[in-house]
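Examination of the molecular architecture
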Amino acid sequence: ELGRQLAALDVFVAFAQDAEEKNYCRPSFSSKNEIAVKNGRHPVVEAVLPAGSYIPNDLVMDEDTSIYLITGPNMSGKSTYMRQLALIAIMAQIGSFVPADSAKLPVFDQVFTRIGAADDLYSGKSTFMVEMSETANILHNSSARSLVLMDEIGRGTSTFDGLSIAQAVVEHICRHIHGKTLFATHYHELIPLADTFEKLQDYTV
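Residues numbered from 1 in each chain as written. Predicted model: local features only at pLDDT ≥ 70, side-chain atom pairs only at ≥ 80, totals over all residues. Heavy atoms only, no water.

**A few points about the overall build of the chain**
Secondary structure summary: the chain contains six helices and nine strands in total. Scaling as 2.2 N^0.38, a compact globule of 205 residues should have a C-alpha radius of gyration of about 17 Å, and the chain matches this with 18 Å. Based on the C-alpha atoms only, the size of the chain along its principal axes is roughly 55 × 40 × 35 Å. Counting every position in the chain, which comprises 205 residues, the buried fraction comes to 40%. Restricting to contacts in the chain with at least 6 residues of sequence separation, those with at least 24 account for 73%. Summed over its atoms, the accessible surface of the chain is roughly 11100 Å², and 56% of this surface lies on carbon and sulfur atoms. Distance from the positive charge centre (16 side chains) to the negative charge centre (25 side chains) of the chain: 4 Å. (Helix = DSSP H or I, 4+ residues; strand = E, 2+ residues; numbered from the N terminus. Rg over C-alpha atoms; globule rule 2.2 N^0.38 Å. Buried < 20%, exposed > 50% of the residue type's maximum accessible area, 1.4 Å probe, protein only. Contact = heavy atoms within 4.5 Å. Areas by Shrake-Rupley, 256 points an atom, 1.4 Å probe, with all protein chains shown as cover. Lys, Arg positive; Asp, Glu negative; His and termini not counted. Charge placed at Lys NZ, Arg CZ, Asp CG, Glu CD.)

Structure (structure tokens):
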């Protein structure tokens, strides 16, 4: 029992020390399905860059918006922006202050990510198969209360096949899941989907 109490105290002290030293804020939670992060930062990237060089950024997604389609060149910060939100959400829900000036969040039931490229050849899965398996898992198990991060879906196959997969995934999320989703892509052909789905908004880095 003493060990458990000391472990909990250690966690709380670490949270408090980080909040004080790194200028974190106390997040708030809303019953509305909305996100409002002002001057958010990625806690790990910020820590390894020279002091003051990380550029904070906002993320505001109202109750009626479920997906941001994010385009931009390689190395522009799309993946960092997406992971930043996931870390802020997880930190908030475990009881920590978060790297932002202010943060209002819903309570997420799960966080799903499809980021990066890796194979599992030992199990007979190519890079593309791993990507598709992870995508299928997200589409089958996420909900309207989930946070979903998807980065460059469909890049492991031919251009038009990849574009078709990416568009099908976006449409399925918009029609059936409605969870808060950041979807980064190089397929600019997806941008007009914002004219079809009111819950989708286009952003570029």
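**Concerning unusual backbone geometry**
Of note in the backbone geometry, asparagine 39 takes a positive phi value of approximately 50° without being a glycine. Residue position: asparagine 39 is located in strand S2 (residues 35–40). Residue asparagine 39 is classed as partly exposed on the basis of its relative accessible area of 24%. Of note, glutamate 152 is a non-glycine position whose phi angle comes to about 60°, a positive value. Examined against the element boundaries, glutamate 152 turns out to sit in the loop between strand S7 (147–151) and helix H5 (159–177).

**A few points about the pairing of S2**
In this sheet, strand S3 (residues 57–61) lies alongside S2 in antiparallel orientation, the contact comprising four bridges. Bridging from a neighbouring strand, glycine 40 pairs with asparagine 57 of S3. Where S2 meets strand S5 (residues 102–105), three bridges bridge the pair, whose relative direction is antiparallel. Of the residues in S5, the one forming a bridge with valine 37 is alanine 103. (Pairing = 2+ DSSP bridges.)

**Things to note about a nonpolar patch on the surface**
On the surface, a cluster of nonpolar side chains totalling about 400 Å² of accessible area is made up of Leu2, Leu6, Leu9 and Val13. Structurally, the position occupied by leucine 6 is in helix H1 (residues 2–21). Judged by its relative accessible area of 51%, leucine 6 falls in the exposed class. (Patch = residues over 30% accessible without salt bridge, like charges linked within 9 Å, V, L, I, M, F, W, Y side chains within 5 Å. Salt bridge = Lys/Arg side-chain N within 4 Å of Asp/Glu carboxyl O.)

**Thoughts on the nonpolar core**
Counting 27 residues, the largest nonpolar core has Ile35, Val37, Leu59, Leu85, Val98 and Leu182 as the members making the most contacts within it. Elements supplying a minimum of two residues to this core: S2, S3, strand S4 (67–71), helix H3 (78–93), S5, S7 and strand S8 (180–184). When residues of this core are assigned to their parent elements, the largest contribution, eight residues, is made by H3. Leucine 85 has contacts with Ile35, Val37, Leu59, Leu105, Leu147 and Leu182, leaving out every residue within four places of it along the chain. (Core = buried A, V, L, I, M, F, W, Y, C linked by side-chain atoms within 4.5 Å.)

**Some thoughts on the environment of proline 99**
Its location among the elements puts proline 99 in the loop between H3 and S5. Remark: the alpha-carbon pair of proline 99 and glycine 40, spanning 59 residues in sequence, is separated by 5.8 Å.

**Quick notes on the packing of helix H4 (residues 127–141) against H5**
Direction vectors running N to C along H4 and H5 enclose 10°, while the axes themselves pass 11 Å from each other. Relative to H5, the element H4 lies roughly parallel. On H5, the residues that touch Phe128, Met132, Thr135, Ile138 and Leu139 of H4 are Ile165, Val169, His172, Ile173 and Ile177. Taken together, the residues of the contact of H4 with H5 break down into eight nonpolar, two polar and no charged. (Axes fitted to C-alpha atoms, helices over the stretch in contact; angles between N-to-C directions. Parallel < 35°, antiparallel > 145°, perpendicular 65-115°, else oblique. Nonpolar A, V, L, I, M, F, W, Y, C, P; charged D, E, K, R; others polar.)

**Let's talk about the layout of surface pockets**
As a volume, the largest pocket reaches approximately 390 Å³. Asn57, Ser76, Gly77, Tyr81 and Val205 are, among the 19 residues lining the largest pocket, the residues nearest its centre. At the level of secondary structure, the elements contributing two or more residues to the lining of the largest pocket comprise S3, S4, H3 and strand S9 (200–204). For the lining of the largest pocket, the element with the highest residue contribution is S3, accounting for four residues. Classifying every residue of the lining of the largest pocket by side-chain character gives twelve nonpolar, six polar and one charged. Put simply, the second largest pocket is a space of about 220 Å³. If you go around the second largest pocket, the residues you meet are Pro73, Asn74, Met75, Ser76, Gly77, Lys78, Ser79, Thr80, Asp151 and Glu152. The leading source of residues in the lining of the second largest pocket is H3, at three residues. Residue composition of the lining of the second largest pocket, grouped by class: two nonpolar, five polar and three charged. (1 Å grid on protein atoms, 1.4 Å probe; cavity = no way out; pocket = protein on both sides within 12 Å on 5 of 7 lines; lining within 4 Å. Points joined across faces, edges and corners; volume = space filled by probe spheres on them.)

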